[in-house]
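So the chains spell out like this:
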Amino acid sequence: MPKPPFDRDRLPALLNRELERFRAERPRSRELFERAKATLHDGVPMNWMVRSPGAFPLFVERAKGSRFWDADGIEMIDFCLGDTGAMTGHAPDAALAAIHRQLDRGLTFMLPTEDAIAVSAELARRFRLPAWQMALTATDANRFTIRLCRHVTGRPKILVFNWCYHGSVDETFATLATDGSGRVEPRAGHIGPPVDPALTTKVVEWNDRAALEAALAPGDVACVLAEPAMTNIGIVLPEPGFHAALRELTRKTGTLLILDETHSISAGPGGCTRAWDLEPDAITLGKPIGSGIPAAVYGFSADLARRIRAKSNVELADTGGIGGTLAGNALSLAAMRATLEEVLTEQAYSRMLPLAERFAAGVEAAIAEYALPWVVKRLGARAEYWFRATPPKNGGEAAAAHDPDLDRYMHLAALNRGILMTPFHNMALMSPASTEEDVDRHTAVFRESIELLAC
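Rules used in this analysis
- Throughout, a residue's number is its position along its own chain's written sequence, starting from 1.
- Confidence filtering applies because this is a predicted model: local features only for residues at pLDDT of at least 70, side-chain atom pairs given and counted only at 80 or more, and all residues used for totals across whole chains, interfaces and linings.
- The side-chain quantities take in all heavy atoms of the structure and omit both hydrogens and water.
- Two strands are counted as paired when DSSP detects at least two bridges linking them.
- The numbering of helices and of strands both runs from the N terminus, where a helix is a DSSP run of H or I of at least 4 residues and a strand a run of E of at least 2.
- Axis angles are defined between N-to-C directions and span 0 to 180 degrees, where every axis is a line fitted to C-alpha atoms and, for a helix, only to the segment in contact.
- Two helices crossing with the near one rotated counterclockwise from the far one by less than a right angle form a left-handed crossing, whereas a clockwise rotation gives a right-handed crossing.
- Contact between two residues is taken to exist if any of their heavy atoms lie within 4.5 Å; hydrogens are not considered.
- Polar here means any residue outside two lists: the nonpolar Ala, Val, Leu, Ile, Met, Phe, Trp, Tyr, Cys and Pro, and the charged Asp, Glu, Lys and Arg; Gly therefore counts as polar.
- Note on definitions: salt bridges are taken to be side-chain nitrogens of Lys or Arg within 4 Å of carboxyl oxygens of Asp or Glu.
- Here's how the labels work: a residue is buried when its accessible area is under 20% of the maximum for its type, exposed when over 50%, partly exposed in between, all with a 1.4 Å probe on protein chains only.

Asks: Just to check I follow, could you spell out the sheet that holds strand 3 (residues 75-78) for this structure?
Replies: Two strands in a sheet stick together by hydrogen bonds in their backbones, pointing the same way (parallel) or opposite ways (antiparallel). Pairing is mixed across the open sheet formed by four strands, whose spatial order is 1-2-3-15. Edge positions in the open sheet fall to strand 1 (60-64) and strand 15 (419-420), since each of these has one partner strand only.

In structure tokens, the structure reads:
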């Protein structure tokens, strides 16, 4: 017989108990955090690190494969993996060897290396787009591609999906007003938006074909920027036929389609583009392709490449707002080549995807045992559980399902038992170094955490 759902009245006391344990077991991280406040704003090198589920963030000493060791010497199973930046596993040997070789040869020249040819050729093979450029972050890749789309179409606006995430691109920090009016407004927390996002951006809900069609009909949208499946508000998959409709409507209205594969590369070696046989005009990709070295790419279809070339002026190539002195540097390219050729390979995915299936099955079994109204979703090597009875179909539903107290408890309970999940979500990502033992340890910890709520 299924066990009864948990008693929510127990949550505050359990959360406090986990918080006290976290503080007691990590004195060194706590000491470093207090020291950091003297010179780091709010004690962290990046502002979002203040959102640690504990009273302070973990400070990391070293990492290898699917594990890292914090400043207190505690070994942790890492299912966050740098929020995809370390999807390769930490310090993969093949990438390290290439990085070390390049260190002796020079790091950046503002000139190409042969690695650039190998990287672009492999990307063309995987994603079936023939023309590629380099950046340092997916944010820049998205920003540059948006500029190019506006340039070749002569149109002022872009379209994104409600509660999307594409890095720190200003136009994408737009959301639909919660009053149901359809009004576009700055997303909560957007710091200093340069202009009202309604001037630059249209927003519709994911999986809403009618709203998409209406938004594209006026012909003022240069491009749609979308993940093939939403991931940063949680995993929200496309409904059957939605991608076909998206492609049909963008072509019908002369709108370019950019797919951001930065997180959805978890679906396979060619991301969702290859796994689902999609046909974008452009692809952006960052984070994991450098095995931790900052690197990103953006690629174009033959037609879009031709249109860009026709409207380009070689004499003004350095003043267009696209590029960067360190973009396409030799170190990043060496890391990308090794990552694509030797780390995130077909063989690696053949291990990673079954591990994510095993993770999801373990969580689903525990959810069923305790009769919880929760669901699990998976995108290739990525899996996540939701505190709701049915999967959300769009970003608005996903945002409404957020449960801050329960989320913090589950993350903190996992941390205290040696597991790091992706922050702000209940999401796990598999690397080529992840193991069945890692997954089964999470299943045991997950079950223990919900059992404490039910007792």
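Asks: How should I be thinking about the packing of helix 1 (residues 11-25) against helix 13 (residues 404-416) in this particular structure?
Replies: In a pair of packed helices, the angle between the axes and the distance between the axes together describe the arrangement. Packing of helix 1 against helix 13 brings their axes to within 9 Å, and their N-to-C directions diverge by 35 degrees. For the crossing formed where helix 1 meets helix 13, the hand is left-handed. On the side of helix 1, the interface is formed by Leu11, Leu14, Leu15, Glu18, Leu19, Arg21, Phe22 and Glu25, while helix 13 contributes Asp405, Leu406, Arg408, Tyr409, Leu412, Ala413, Leu415 and Asn416. By residue class, the composition of the contact of helix 1 with helix 13 is ten nonpolar, one polar and five charged.

Asks: Is there a simple way to think about the pattern of salt bridges in this case?
Replies: Pairing of side chains with opposite charge becomes possible as their charged atoms draw close. With the rule as written, the count across this model stands at 32 salt bridges. With a shortest N-O distance of 2.7 Å, lysine 64 and aspartate 93 are connected by a salt bridge. One end of the pair, lysine 64, is in strand 1; the other, aspartate 93, is in helix 3 (residues 93-103), with 29 residues separating them in the sequence. Lysine 64 gets classed as partly exposed once you look at its relative accessible area, which sits at 37%. Judged by its relative accessible area of 58%, aspartate 93 is exposed.

Asks: Is there a simple way to explain the sheet that holds strand 16 (residues 427-429) in this structure?
Replies: An order of 13-14-16 is seen for the three strands of this open sheet, with the pairing classed as antiparallel. This sheet does not close on itself; its edge strands, each paired only once, are strand 13 (375-379) and strand 16. Mean inter-strand twist for the sheet, computed between neighbouring axes without regard to direction, equals 15 degrees. In the packing of helix 11 (residues 346-369) onto the sheet, the strands contacted are strand 13, strand 14 (382-386) and strand 16, and the crossing angle to strand 13 comes to about 175 degrees.

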